Every structure is written in structure tokens, then in C-alpha cells.
Amino acid sequence: MHQKTSTHDRKLSSKFARRVCITEDLICLMEGFTITAMNEKPNREELVDFAASYFREILQKKNQLEERGMSNFKTGFYLSKEWNGEV
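Residues numbered from 1 in each chain as written. Predicted model: local features only at pLDDT ≥ 70, side-chain atom pairs only at ≥ 80, totals over all residues. Heavy atoms only, no water.

Draft legend 1. Structural detail: the overall build of the chain. Looking only at helices and strands, the chain has three helices and zero strands in total. For the chain, the succession of helices and strands along the chain, N to C, is α-α-α. Considering the chain as a whole, with its 87 residues, one finds that 21% of them fall into the buried category. Taking contacts inside the chain between residues at least 6 apart in sequence as the whole, the part at least 24 apart equals 35%. Per element, the accessible surface of the chain, about 7500 Å² overall, is 55% carbon and sulfur. (Helix = DSSP H or I, 4+ residues; strand = E, 2+ residues; numbered from the N terminus. Buried < 20%, exposed > 50% of the residue type's maximum accessible area, 1.4 Å probe, protein only. Contact = heavy atoms within 4.5 Å. Areas by Shrake-Rupley, 256 points an atom, 1.4 Å probe, with all protein chains shown as cover.)

Draft legend 2. Structural detail: the packing of aromatic side chains. In the structure shown here, the tally under the stated rule is four aromatic pairs. Summarising the aromatic geometry, the rings of Phe33 and Tyr54 are spaced 5.4 Å apart at their centres and angled 65 degrees between planes, so their arrangement reads as edge-to-face. Highlighted residues: Phe33 in helix α2 (residues 24-40) and Tyr54 in helix α3 (residues 47-67), separated in sequence by 21 residues. Side by side, Phe33 and Tyr54 carry an identical accessibility label, which is buried. Relative to Phe55, the ring of Phe33 has its centre 5.3 Å away and its plane inclined at 25 degrees; by these criteria the two rings are stacked. You can see Phe33 sitting in helix α2 and its partner Phe55 sitting in helix α3, a full 22 residues away along the chain. The buried category is assigned to Phe33, whose relative accessible area is 13%. With relative accessibility at 29%, the residue Phe55 sits in the partly exposed group. (Phe/Tyr/Trp six-rings, centres within 6.5 Å; stacked < 30°, edge-to-face > 60°.)

Draft legend 3. Representation of the nonpolar core. In terms of nonpolar packing, the biggest core is built from seven residues, these being Leu29, Phe33, Ala37, Phe50, Ala51, Tyr54 and Ile58. The dominant element in this core, judged by the number of residues it contributes, is α3, at four residues. (Core = buried A, V, L, I, M, F, W, Y, C linked by side-chain atoms within 4.5 Å.)

Draft legend 4. Highlighting α2. Counted at 1.5 Å a residue, the expected span for α2 with its 17 residues is 24 Å, and the 24 Å between its end C-alpha atoms agrees. Taken residue by residue, α2 has Leu29, Gly32, Phe33, Thr36 and Ala37 as its buried positions. Taken end-on, α2 shows its buried residues confined to a sector of 125 degrees, consistent with a single buried face. Relative to its buried face, α2 has exposed residues pointing more than 90 degrees away, namely Glu24, Ile35, Met38 and Asn39. Directly after α2, the chain includes Lys41, whose backbone phi takes a positive value near 50 degrees. (Expected span 1.5 Å × (residues − 1). Arc of directions from axis to C-beta.)

Spelled out as C-alpha cells, the structure:
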């Protein structure tokens, strides 16, 4: 059975419906985090601190590349926690 929706409901839902574009770099970044979290298995209490530490480390690696004049590398290049910053 099909329910009728009010004009108000349609306006409200269309207000929140917008197309979201997820960039390749964001996908790569989140995949790297997800894989690392799955491997290291932080518990619920540690998860936010773990995420903050992970992204701080990624930022440091990104900055190391930029200091060497290599800011044009794809995000995935420095996602490995084992990467030592050498190119």
C-alpha cells in the first residue's frame, strides 16, 4: 500500500537530499584508517584516541613529503604506518 506524503514532508526531505561526491583521496584515506584499525583492533574506549593518533601520523607524513617538495603525491603514498618518510 502506497502512503501519500504531505507537501511539507516532500519539501523537508528534498531539503536534506543532496548529492555527495566522495573524492578518491578521501576513499583512500578512510580505507587506510579502516585497514589499520582492523589490524590493530582498538577497543571502544580507545577508538577516538586511536583515530586521532592515526590522522596526526598521516599529517606528519604528508608534511614530510611537502618539506621535500613532493606535495603532489597521491594520499595513498603515505598511508602505511610502516612508511618511514623516505622516497
